Amino acid sequence: MSWGTELWDQFDNLEKHTQWGIDILEKYIKFVKERTEIELSYAKQLRNLSKKYQPKKNSKEEEEYKYTSCKAFISNLNEMNDYAGQHEVISENMASQIIVDLARYVQELKQERKSNFHDGRKAQQHIETCWKQLESSKRRFERDCKEADRAQQYFEKMDADINVTKADVEKARQQAQIRHQMAEDSKADYSSILQKFNHEQHEYYHTHIPNIFQKIQEMEERRIVRMGESMKTYAEVDRQVIPIIGKCLDGIVKAAESIDQKNDSQLVIEAYKSGFEPPGDIEFEDYTQPMKRTVSDNSLSNSRGEGKPDLKFGGKSKGKLWPFIKKNKLSLKLGATPEDFSNLPPEQRRKKLQQKVDELNKEIQKEMDQRDAITKMKDVYLKNPQMGDPASLDHKLAEVSQNIEKLRVETQKFEAWLAEVEGRLPARNEQARRQSGLYDSQNPPTVNNCAQDRESSPDGSYTEEQSQESEMKVLATDFDDEFDDEEPLPAIGTCKALYTFEGQNEGTISVVEGETLYVIEEDKGDGWTRIRRNEDEEGYVPTSYVEVCLDKNAKGAKTYI
């Protein structure tokens, strides 16, 4: 199968076909180029998507990603980022191994094609020139033969005419001979040129054209093979990243399998556990027996007077803690967080204190390492005075030692608070029997061993009361709260609103500048004062927003503000 023998007369069609082949190759290059652009764009979009959903550093959102499901989501985002990188690898490899290589090959192919068809046209022009020479000699031979025939006929006519002189006859005979000689010369020349043309034509159709067409055929077949190899490379580039992409997908599956719902549930407990015990059952009060209420009142007075109450973790007093916990959020928003985190529930306070102690211990260790380094340097200076003055390090050493001492004092302070909180939290082995909300009636706890010995304030903070008298005040307040629905708290003074306050949070009340209201509970150090407008409207307002005037004769009144 050879184009030179089978397609010897299809020069123009072969020229069109080879040009079409180059166009197809350039079209394939364009296709691969657009594929690389799509891969780059896809990789960029994947990276942007991964970046968009990454948690922001040093933000509350980052703290929320401690749950296993959120960690798995972060792993998913990271794996997707690596997945995008593999699409970038596909784009780069296709550009370097296909586009650049084929673009260079196309230029070489065009030059080779141009050279082959130039040789073909040159051979065509040569055979056409030989053909023209043959036609010219043929026409000349034909013309000379005709003229020789006419000269012979004229001679014969002159020779037959008796009226023509002998000289004219001789002249006609010589002319005829000359024409015959010219015809013979033209015949010989025509024969020679014909033989030459036949030889050139044979060479053209059996040697030159087959060789040129064979080169063109080989060129076209190389183009086809090269295009097939590029397609294999195209697939291989994709195949090379499949294992890595598989690892990315395996990483996503592994992250999904690492999700532990029980662990996440435990983290929720650690994040929001308050440390309080749930309220117990409310005792039934039989109002059909008038004496029972009297006895209850007497018991209340005795418990206030003697300071030995029979505490029960039930009733309204326990439930009263929950609204104050909600107010704690408002206090935090206003930046009223105390140093000992007493505004937090016990369990959350313990976690914060433990975290603070750990941070201080790290700082102490850092300062101690710095002190050791300075001490070693000082020893080196003492042994080798030429390296430096040992006295120059005394000031720095003293400064570091002072910092260590300050940090230790600070640590002791937080450790004391932590020990206090840990002593007040219920032990694990007691939790089961505390579910009912009641202590063993035969062995009642003292005020110092329960969670209610800290006084509740509007923002959910708990202030330690040292004296027995203060503890009894807290107890009395808790017992008084049980009768809030029947006996509202008495006013202990009045106040005038200095500014307008919009009470949008639960437990607060709105006031207008210049308005006068009743004070029913003074500020206990948390920045809030409890006031009442009428029997149905009462709540907390910031102490700095009102001018308070307490009644000296009222219960609990202390000073004028």
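Predicted model, so just to flag it, every value in this text is computed and none were measured. (Residues numbered from 1 in each chain as written. Predicted model: local features only at pLDDT ≥ 70, side-chain atom pairs only at ≥ 80, totals over all residues. Heavy atoms only, no water.)

A. Structural detail: the overall build of the protein chain. Within the protein chain one finds 12 helices and seven strands. Burial statistics for the protein chain: of 561 residues in total, 35% are counted as buried. When contacts within the protein chain are restricted to residue pairs at least 6 apart in sequence, long-range pairs at least 24 apart make up 74% of them. Within the structure as shown, the protein chain displays about 35,600 Å² of accessible surface, and the carbon and sulfur contribution to it stands at 51%. (Helix = DSSP H or I, 4+ residues; strand = E, 2+ residues; numbered from the N terminus. Buried < 20%, exposed > 50% of the residue type's maximum accessible area, 1.4 Å probe, protein only. Contact = heavy atoms within 4.5 Å. Areas by Shrake-Rupley, 256 points an atom, 1.4 Å probe, with all protein chains shown as cover.)

B. Region of interest: helix α10 (residues 346-383). When the terminal C-alpha atoms of α10 are compared, their 55 Å separation across 38 residues agrees well with the 56 Å that a helix rising 1.5 Å per residue should span. The complete set of buried residues in α10 reads Pro 346, Glu 347, Gln 348, Arg 349, Leu 353, Val 357, Leu 360, Ile 364, Glu 367, Ile 374 and Tyr 381. (Expected span 1.5 Å × (residues − 1).)

C. The sheet that holds strand β3 (residues 493-497), seen in detail. One open sheet accounts for five strands, arranged β6-β5-β4-β3-β7; its pairing is antiparallel. Two strands lie at the open edges of the sheet, namely β6 (538-542) and β7 (546-550), each paired on one side alone. Within the sheet, the average angular offset between the axes of one strand and its neighbour, ignoring direction, is 40°. Bridge analysis of strand β4 (residues 516-521) against strand β5 (residues 528-532) gives three bridges, and the strand direction is antiparallel. Residue pairing across strands places Tyr 518 opposite Arg 532, the latter belonging to β5. (Pairing = 2+ DSSP bridges. Axes fitted to C-alpha atoms, helices over the stretch in contact; angles between N-to-C directions.)

D. Focus on the pairing of β5. The element β5 is largely enclosed, with a buried count of five among its five residues. Side-chain alternation along β5 places Trp 528, Arg 530 and Arg 532 on one buried face and Thr 529 and Ile 531 on a second face that is also buried. Connecting β4 to the next strand, β5, in antiparallel fashion are six residues, including Gly 525 with a positive phi near 100°. With five bridges joining them, β5 and β6 adopt antiparallel strand pairing. Across the sheet, Arg 532 pairs through a bridge with Glu 538, a residue of β6.

E. Molecular detail of helix α4 (residues 68-160). Spanning 93 residues, α4 covers 134 Å between terminal C-alpha atoms, matching the ideal 138 Å at 1.5 Å per step. A maximum bend of about 35° is found in α4 at Ala 95. (Bend = angle between axes of the 7 residues up to and from the residue.)

F. Representation of the packing of helix α2 (residues 11-52) against α4 in the model. It is the contact of α2 with α4, at a shortest axis distance of 8 Å, that shows an interaxial angle of 165°. By the angle class used here, α2 and α4 are roughly antiparallel. Remark: the crossing between α2 and α4 carries left-handed chirality. (Parallel < 35°, antiparallel > 145°, perpendicular 65-115°, else oblique. Left-handed = near helix turned anticlockwise from the far one by under 90°.)

G. Up close: the pairing of β3. Burial of β3 is one-sided: the residues Gly 493, Cys 495 and Ala 497 facing one way are buried, the residues Thr 494 and Lys 496 facing the other way are not. Two elements, β3 and β7, share five bridges in a ladder whose sense is antiparallel. By the bridge assignment, Cys 495 is partnered in β7 with Val 548.

Shape descriptors only; they carry no functional weight alone.
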